[in-house]
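Chain by chain, the residues:
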Amino acid sequence: MIKLDQRTVANMDAVLEEVCGGLPHGGDHETRKHIASQVIKAARRGNDTLEGLKSVAQRALQELSSCQSA
């Protein structure tokens, strides 16, 4: 397991809060969990920039939205 530095963890936290902030009540547990897991995977693969992680989080949210509307 790759240990993530403090900057990466701070970026991950900021991205999760920003992306879920637009959801009612900040998003339910399962939604936040899915987005966070995708962000963690990306960070462990080396995608640790704020913009890169934000893109991953938005894509994860879109995946959930498309599954729920289908």
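Residues numbered from 1 in each chain as written. Predicted model: local features only at pLDDT ≥ 70, side-chain atom pairs only at ≥ 80, totals over all residues. Heavy atoms only, no water.

S.K.: Can you lay out the overall build of the chain for me, pointing to particular residues and giving the numbers?
M.R.: If you tally the helices and strands in the chain, you get three helices and zero strands. Secondary structure elements of the chain, listed N to C terminal, follow the sequence α-α-α. The C-alpha atoms of the chain give 12 Å as radius of gyration, which agrees with the globular expectation for 70 residues (11 Å, within 12%). Across the chain, the centroid of the 9 positively charged side chains sits 6 Å from that of the 9 negatively charged ones. (Helix = DSSP H or I, 4+ residues; strand = E, 2+ residues; numbered from the N terminus. Rg over C-alpha atoms; globule rule 2.2 N^0.38 Å. Lys, Arg positive; Asp, Glu negative; His and termini not counted. Charge placed at Lys NZ, Arg CZ, Asp CG, Glu CD.)

S.K.: Explain the side chain of N11 to me, and be specific about the residues and the numbers.
M.R.: Along the chain, the position of N11 falls in helix 1 (residues 6–21). Given the relative accessible area of 15%, N11 is considered buried. (Buried < 20%, exposed > 50% of the residue type's maximum accessible area, 1.4 Å probe, protein only.)

S.K.: Tell me what's going on with the nonpolar core, and back it up with residues and numbers.
M.R.: Judged by nonpolar contacts, the single largest core of 14 residues is most densely connected at M12, V15, V19, I35, V39, L53 and A57. If you list the elements that add at least two residues to this core, you get helix 1, helix 2 (29–44) and helix 3 (50–69). Excluding residues within four positions of it along the chain, V39 makes contact with M12, L53, V56 and A57. (Core = buried A, V, L, I, M, F, W, Y, C linked by side-chain atoms within 4.5 Å. Contact = heavy atoms within 4.5 Å.)

S.K.: Account for the environment of R44, naming residues and giving values.
M.R.: Structurally, the position occupied by R44 is in helix 2. Taking the C-alpha atoms as reference, R44 lies 16 Å from K33; in sequence the two are 11 residues apart.

S.K.: Account for helix 2, with residues named and values stated.
M.R.: Between its first and last C-alpha, helix 2 extends 22 Å over 16 residues, near the 22 Å set by a 1.5 Å rise per residue. Among the residues making up helix 2, those that are buried are T31, I35, V39, A42 and A43. Across the axial projection of helix 2, the buried residues extend over an arc of 100°, all falling on one side. Exposed residues on helix 2 whose side chains face more than 90 degrees from its buried face are H29 and E30. Two or three places before E30, at the opening of helix 2, D28 has a side-chain oxygen 3.0 Å from that residue's backbone nitrogen. In the stretch just after helix 2, G46 is the one whose phi turns positive, near 105°. (Expected span 1.5 Å × (residues − 1). Arc of directions from axis to C-beta. Polar contact = N/O pair within 3.5 Å; in protein donor to acceptor, adjacent residues only side chain to side chain.)

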